[in-house]
Amino acid sequence: MHFVICMFIACICLITAVLFTEVFPKWFKAILALLGSATAGYAIAILIRKIAMWTKAFSKPELLPTAGICAGIMLIIVIVVVFILNKKKSKKA
């Protein structure tokens, strides 16, 4: 249930940042993207931990270091997607 709640919050943050790009200032969109990435990373860490407990294929990882790594990866993915969308938008204009 924690995974579902965290993913819902992450999706809301990221969707809000995308839908209201014209309304919010850049610093607020950056905070929303950071919050969404951190929450999605935490949700992915919870999912990895649950999979490890269910399958017993590997030892249960620590939650906070795993969440930090996943949040960093999610933030990098968000930054790359934003750069790609900005390049496409500048080519059309």
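Read on for a plain summary of the structure. Given the structure is predicted, the values throughout are model-derived calculations rather than measurements.

This next bit is on helix H2 (residues 26-55). For H2, which comprises 30 residues, the first-to-last C-alpha distance of 43 Å matches the rise-based estimate of 44 Å (1.5 Å per residue) to within 8%. Along H2, the residues that are buried comprise Leu32, Ala33, Gly36, Ser37, Thr39, Ala40, Gly41, Ala43, Ala45, Ile46 and Ala52. Looking at the packing, one finds that the buried side of H2 touches helix H1 (2-19) and helix H3 (63-92). Remark: Lys56 follows H2 within two positions and exhibits a positive phi of approximately 55 degrees.

Take H1 next. Counted at 1.5 Å a residue, the expected span for H1 with its 18 residues is 26 Å, and the 26 Å between its end C-alpha atoms agrees. Every buried residue of H1 is listed here: Cys6, Ala10, Cys13 and Ala17. In a view along the axis of H1, the buried residues occupy a sector of 60 degrees, so they form one face of it. In H1, the exposed positions angled more than 90 degrees off the buried face are occupied by Val4, Phe8, Val18 and Leu19. Each element contacted by the buried residues of H1 is listed here: H2.

Calculation notes
Residues numbered from 1 in each chain as written. Predicted model: local features only at pLDDT ≥ 70, side-chain atom pairs only at ≥ 80, totals over all residues. Heavy atoms only, no water. Helix = DSSP H or I, 4+ residues; strand = E, 2+ residues; numbered from the N terminus. Expected span 1.5 Å × (residues − 1). Buried < 20%, exposed > 50% of the residue type's maximum accessible area, 1.4 Å probe, protein only. Contact = heavy atoms within 4.5 Å. Arc of directions from axis to C-beta.

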